[in-house]
Amino acid sequence: MDQRITLMDEAAVERALARMAREIVELNQGAEGLVILGIRRRGVELAQRIQTLLEAEEEVPIPSGALDITLYRDDLMEVGPRPLVGESSLPLTGVDDRCVVVVDDVLFTGRTTRAAMNELMDWGRPGRILLCVLVDRGGRELPIQPDVVGRTVSALPQQEVEVLVPEEDGRLSVELVLRNREEA
Amino acid sequence: MSRISSSLGKDLIGLEPLSAEQIRGILDTAEPFKEISERRIKKVPVLRGKTIVNLFMEPSTRTRISFEFAEKRLSADTVNISASGSSVVKGETLVDTARNLEAMRIDMVVIRHGASGAARFLAERIPSNVINAGDGSHEHPTQALLDLLTIRDHRKRIEGLRVCIVGDILHSRVARSNIFGLLKLGAQVGVCGPRTLVPAGIEALGVERFRRIEEAIEWADVLNVLRLQLERMRTGYVPSLREYNRVFGVTTPRLERAPRDILVLHPGPMNRGVEIDSDVADGPQSVILQQVTNGVAVRMAVLYLLAGGAPERAEAAKTGGLG
Amino acid sequence: MTGGGEGGPVLLQGGRVVDPEQGIDGLCDVLLAGGRVAAVGTDLEVPEGAELVDCRGLVVVPGLIDVHVHLREPGGEHKETIASGARAAAAGGFTAVCAMPNTDPVIDSPATVGFVAAAGKAAGASRVYPVGALSLGQRGEQLTEIGELVDAGAVAITDDGRPVMDSGLMRRALEYSQTFDIPVADHPEDLGLSGKGAMNEGVVSARLGIQGKPNASEDAHILRDLLVAELTGGHIHLQHVSTRHGVRAIRDAKARGVRVTAEATPHHLLLTDEAVEGYRTEAKMNPPLRTEEDRLEVVAGFLDGTLDTLATDHAPHHYDEKEQAFDDAPFGVVGLETCVGLLLTHFVHEERMDLSTLVDRMSRSPARAFRLPGGDLKVGGPADVTILDLEAEWVVDSAAFLSKSRNTPFEGWELRGRAVRTIVGGRTVWSLEG
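Residues numbered from 1 in each chain as written. Chains lettered and ligands numbered in written order. Predicted model: local features only at pLDDT ≥ 70, side-chain atom pairs only at ≥ 80, totals over all residues. Heavy atoms only, no water.

Q: Where do I start with the overall build of chain B in this structure?
A: On a plain count of helices and strands, chain B comes out with 12 helices and 9 strands. If you line up chain B on its principal axes, its C-alpha atoms span 60 × 50 × 40 Å. Within chain B, contacts between residues at least 6 apart in sequence are counted, and of these 74% link residues at least 24 apart. For chain B, the accessible area works out to roughly 12,700 Å², and carbon and sulfur atoms hold 49% of it. (Helix = DSSP H or I, 4+ residues; strand = E, 2+ residues; numbered from the N terminus. Contact = heavy atoms within 4.5 Å. Areas by Shrake-Rupley, 256 points an atom, 1.4 Å probe, with all protein chains shown as cover.)

Q: So what exactly am I meant to see when it comes to the overall build of chain A here?
A: Along its length, chain A carries 4 helices and 8 strands. Seen in sequence order, chain A has helices and strands lined up from the N terminus as β-α-β-α-β-β-α-β-β-β-α-β. Here chain A has a C-alpha radius of gyration of 16 Å; the compact-globule value for 184 residues is 16 Å, and the two agree. Counting only C-alpha atoms and orienting by the principal axes, one finds that chain A spans roughly 50 × 40 × 30 Å. Across chain A, contacts joining residues at least 24 apart in sequence account for 70% of those joining residues at least 6 apart. Accessible area for chain A stands at about 8,700 Å²; split by element, carbon and sulfur atoms hold 47% of it. Between the mean site of the 21 positive side-chain charges and the mean site of the 34 negative ones, chain A shows a separation of 3 Å. (Rg over C-alpha atoms; globule rule 2.2 N^0.38 Å. Lys, Arg positive; Asp, Glu negative; His and termini not counted. Charge placed at Lys NZ, Arg CZ, Asp CG, Glu CD.)

Q: Please clarify how the sheet that holds strand β7 (residues 94-99) of chain C should be interpreted in this entry.
A: Where strands meet in a sheet, backbone hydrogen bonds hold them as pairs that are either parallel or antiparallel. All names here are of chain C. If you walk across this open sheet you meet the 3 strands as β6-β7-β8, and the pairing is parallel. Of all strands in the sheet, those bounded by a partner on one side alone are β6 (64-69) and β8 (127-130). On average, each strand axis in the sheet is tilted by 20° relative to the strand beside it, whichever way the strands run. In the sheet, β6 pairs with β7 via 4 bridges, with the strands oriented parallel. Along β7, the bridge assignment pairs I65 with A96. (Pairing = 2+ DSSP bridges. Axes fitted to C-alpha atoms, helices over the stretch in contact; angles between N-to-C directions.)

Q: I keep staring at the environment of V106(C) and nothing clicks. Help me out?
A: Residues and elements named next belong to chain C. Mapped onto the secondary structure, V106 falls in the loop between β7 and α2 (110-123). Assessed through its relative accessible area of 15%, V106 is described here as buried. Each C-alpha atom of the pair V106 and D159 lies 9.4 Å from the other, and the pair is 53 residues apart in sequence. Apart from residues no more than four positions distant in its own chain, V106 is found in contact with P101, T112, A133, G137 and Q138. (Buried < 20%, exposed > 50% of the residue type's maximum accessible area, 1.4 Å probe, protein only.)

Q: Would you mind showing me how to read the pattern of salt bridges here?
A: All names here are of chain C. Tallied over the full model, the rule gives 64 salt bridges over all chains. Ionic pairing is found between R224 and D225, a salt bridge with its closest N-O pair at 2.9 Å. Each member of the pair, R224 as well as D225, is classed as buried. Through salt bridges with shared partners, a single network forms among E21, D360, R361, R364, R368, D376 and K378. (Salt bridge = Lys/Arg side-chain N within 4 Å of Asp/Glu carboxyl O.)

Q: Honestly, the nonpolar core in this entry has me stumped. Any pointers?
A: Note that soluble globular proteins tend to have their nonpolar side chains buried in a common cluster. Membership of the largest hydrophobic core comes to 94 residues, with the highest contact counts inside it found for L238(C), I250(C), L269(C), F302(C) and L343(C). Among the elements that line this core, the one with the most residues is helix α12 (residues 339-348) of chain C, at 7 residues. Look past the residues within four positions of L238(C) in its chain and what remains in contact with it is D186(C), P188(C), I222(C), D225(C), L226(C), I250(C), V260(C), T261(C), A262(C) and E263(C). Counting residues in each nonpolar core, the second largest holds 86 residues, with L37(A), I131(B), F180(B) and L185(B) among its members. (Core = buried A, V, L, I, M, F, W, Y, C linked by side-chain atoms within 4.5 Å.)

Q: Explain helix α2 (residues 62-73) of chain B here, please?
A: In an α-helix, one turn spans 3.6 residues; hence positions three or four apart end up facing the same way. Residues and elements named next belong to chain B. Here α2 contains 12 residues, and its C-alpha end-to-end distance of 16 Å stays within 8% of the 16 Å for a straight helix at 1.5 Å per residue. Within the span of α2, buried status applies to T63, S66, F67, E68, A70, E71 and R73. On its buried face, α2 sits against β1 (51-56), β2 (77-82), β3 (108-113), β4 (129-135), α5 (141-155) and α12 (288-306). Of the residues one or two after α2, S75 is the one with positive phi, at around 70°. (Expected span 1.5 Å × (residues − 1).)

Q: What exactly am I supposed to notice about the environment of T243(C) here?
A: Residues and elements named next belong to chain C. Structurally, T243 is set in the loop between β14 (236-238) and α8 (244-255). With relative accessibility at 0%, the residue T243 sits in the buried group. For T243 and R371, which are 128 residues apart along the polypeptide, the C-alpha to C-alpha distance reads 27 Å. What T243 contacts, discounting residues up to four positions off in sequence, is N215, E218, D219, R290, D294 and V298. Among the polar contacts made by the side chain of T243, one reaches the side chain of D219 at a distance of 2.5 Å. (Polar contact = N/O pair within 3.5 Å; in protein donor to acceptor, adjacent residues only side chain to side chain.)

Q: What exactly am I supposed to notice about the side chain of H267(C) here?
A: Its place among the elements puts H267(C) in helix α9 (residues 266-270). Apart from residues lying up to four places away in sequence, H267(C) is in contact with M285(C), L289(C), T312(C), D313(C), V333(C) and F410(C).

Q: Please explain the confidence of the model for chain B as it appears in this structure.
A: Detailed reading of predicted coordinates is not advised where the pLDDT is low. Averaged over all residues, the pLDDT of chain B is 89; the fraction at 70 or higher stands at 91%. Our summary of model confidence lists the complex with pTM equal to 0.88 and ipTM equal to 0.87. (pLDDT = per-residue confidence, 0-100.)

Q: In this structure, what is going on with the side chain of H171(B)? I would like to understand it.
A: Tracing the backbone through its elements, the reader meets H171(B) in the loop between β5 (162-166) and α6 (173-184). We classify H171(B) as buried; its relative accessible area is 12%. Within the structure, H171(B) has its side chain in polar contact with the side chain of R232(B) (distance 3.2 Å). When near neighbours in sequence (up to four residues on either side) are disregarded, H171(B) contacts G136(B), S137(B), L197(B), R232(B), Y237(B) and Q211(C).

Q: Whenever I open this one, empty space enclosed by the protein confuses me. Can you help?
A: Over the atoms, a rolled probe matching the size of one water molecule traces out where space is still vacant. Within this structure, the stated rule accounts for 5 cavities of 30 Å³ or more. For the second largest cavity, the calculated volume is near 50 Å³. Along the walls of the second largest cavity sit D68(A), L71(A), Y72(A), V85(A), G86(A), S88(A), E119(A), P32(B), E35(B), I36(B) and R39(B), which together make up its complete lining. At 3 residues, helix α1 (residues 20-36) of chain B tops the list of elements feeding residues into the lining of the second largest cavity. Tallied by class, residues from the lining of the second largest cavity come to 5 nonpolar, 2 polar and 4 charged. (1 Å grid on protein atoms, 1.4 Å probe; cavity = no way out; pocket = protein on both sides within 12 Å on 5 of 7 lines; lining within 4 Å. Points joined across faces, edges and corners; volume = space filled by probe spheres on them. Nonpolar A, V, L, I, M, F, W, Y, C, P; charged D, E, K, R; others polar.)

Q: I tried to follow the arrangement of the chains on my own but got confused; where do I start?
A: The interface with the most contacts, out of 2 pairs of chains in contact, is the one formed by chains A and B. At their nearest point, the C-alpha atoms of chain A and chain C are still 26 Å apart, with no contact between the two.

Q: So what exactly am I meant to see when it comes to unusual backbone geometry here?
A: A cis amide bond, omega -10°, links G268(B) with the succeeding residue P269(B). Looking at the secondary structure, you find P269(B) in the loop between β9 (263-265) and α11 (278-281). The peptide bond linking N286(C) to P287(C) adopts the cis configuration, its omega dihedral lying at 0°. Structurally, the position occupied by P287(C) is in the loop between α9 and α10 (292-304). Residues other than glycine seldom take positive phi values, yet K156(B) does so here, at roughly 65°. The phi dihedral of E351(C) is positive, around 60°, even though this residue is not glycine.

Q: What am I meant to see in the pairing of strand β19 (residues 427-431) of chain C here?
A: Taken residue by residue, a regular strand's side chains alternate between the two faces of the sheet. All names here are of chain C. Burial of β19 is extensive: 4 of the 5 residues sit out of reach of the surface. Taken together, the 4 bridges between strand β18 (residues 414-424) and β19 define a ladder with antiparallel strand orientation. Residue T422 lies in a different strand from β19, and its bridge partner there is W430. Counting the residues between successive antiparallel strands, the hairpin from β18 to β19 contains 2 residues, one of them, G425, with a positive phi of roughly 60°.

Laid out in structure tokens, this is it:
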């Protein structure tokens, strides 16, 4: 059996998201020009939560969308059967000159963020990009750092950090998983 | 990360060897690719560094352009070889052409050829991915896929629909690929055309034959109207274009008598006033231009699914997750 | 090659001798001397200096004859030469073959007939009998000088490779040829009905998107030939019959006394148009492989003697000519070196046909149809003998063919039974041991 340790329960995640929403407003000095884009799949759920929090707080509509970075992966041709491509959806406002907040669940090697930024550049010319992640687990392979972080965790390479969202997994939490591999 | 559950293998030769699941996989993959063509920068880096040869040994402008757009939007490097204007092809056997391509270390070949079986012939002889862009009277799988996608866009399903293919079935690769694809996805398929242009044994493929266009229109939810090659008249399959239009033309008066709203497709290029009247082609039932748009998305999907997708490499990639 | 000496006596000892002409099927010896069959009997005395051939466990039959081969020379020497074809024939157990005239130039003059005959003799393998063209240049317009062709060695006339489309020309050929008592062989096909067909018209062609030749193109032409033969009293030899209605029409015609002989080929006896699946050009021949229903009637006709002659229609093509898209590849398959093995395996061992009847279809009937010497082991006849091993198991390997071409649809087939020695005029021209 895999070993699972809960790092953040539902209440902890919600507290973190509320704080992250505030930090975004601080960094942007308001809600003006914000666009929230979640990275498929769980980044989209988190982005929606942050969007809801921001809209409640600031009382303005915040444009949002989703990024599917599959086609920008740097290992796309090495991974065998092609991954399913999800649709990217951009808010009607576009991204030009906006402060685009890219939301992902876990920041690890940085390669997903690189892919997301490249895709964003093909969409247009953002005025600024903010990287917002619920968990930074370390282990970067590219010079990429988050602007807004829910929790920083030092996970070992063989450990996985999973963010669970109600829409996909039935609960909201962050869990550390140690896979019990037969061959290990 | 979810993956396309059944790989297409090395090549796309036709729809006949594919399963319903594989065909659905291509159509589903085409959906996100539609959006790329709407972007300001219509390009994703999927096939960066891949070399694709478009080997068109029979003239075709629109299929070649559609493939070329698809390839370029996926960032591939493309080379076009056409039968007219290339010494690579003149008088050279297909085997030699294949060997030459192989020697140039290309990744994919899109082939259009006048002989049935040519795409498969090439695929069996080179390690590159081969995509059939029409071989003789055999198959034209990407055309059928874009037809399927267009029908699905409008009717939200393929299963249970009645689709009638109208025209020169005998010489048509579009007809064959559509028959195979539609049947696999659960549609009912009819064919209608002059008996000289409907091959013997077609019913054995599982299609219904209609003698007259009026009966086909009465029966169908969708009409896929094929181009009548003008040389069919010279070779005596039909007496005249005028008579063809009079007996088999898809016209507004005929469509008005249809018991239900009919979707009209045409693979192009059209002979207006022969197999289809202008008011039909430009009318509300026509989805002909959308077929063209979908053609690029479907071809992008096929290129994406085949590129580098050697099945034996699948195992090595179980954990493709990025952090 | 193991030489038997030029006409020196050869005693084939202890084999099972099968000769349908004389009704022989039993263990006995055969003595060959002076290029002739000298004696057939049990415990024959060994003449002085005779070569002894131990035939125990083997079958001794009159030399097999293939009345329909394409040796491609002159003009197609990259596919086959008369010499390589004659050696391939010997390796297949054939002591004689009839070479079709559709070469380049066409065999339509005494000089070209003489060339084929001389090249055949020089090859020193199977006998090669030239068949002359029916019309000059095989253009289907004007009769060749049939009398002169016969004098030069032609044993029949045909425009094979093409049908004789002009019924009037066919009438004149069937009338005129009677002076020389030779058969008029025809490739029965209505070219108008065949159109651009490259395989059988049917379900498989509809699926593959290849244009088909309908059965009717062959049926109509067979009926025409039979009616013209009936009209003229001439001898029509119908080549490579492949359709059920064709077989039935010939059966009916024979019943009412029309002078007709007809061929079955190994591929039409054993394969259907399903073999084309995958655009296999080695299954592309003319007439095309038909449906199972047709195949069964061809088999029935072969069994009941309607199709009295087995012929291979050996049609060699260079590998790169066949290595093309299906529509672009030429028609034809090689057959000489697989024929007897296929027939022994799938007809004799499967007990569909007894050995004596097979020998009739492969030796006696073809000899009679083309008025060739041999076809039996009568004393005084030519010492043309084929020795078969009915039990030898082997796998068809085209790389081992003596023919210059490899275009067989039977590659890799596991067979039981083959020729092990071929004797022409008392001389061993080929044996399995080499």
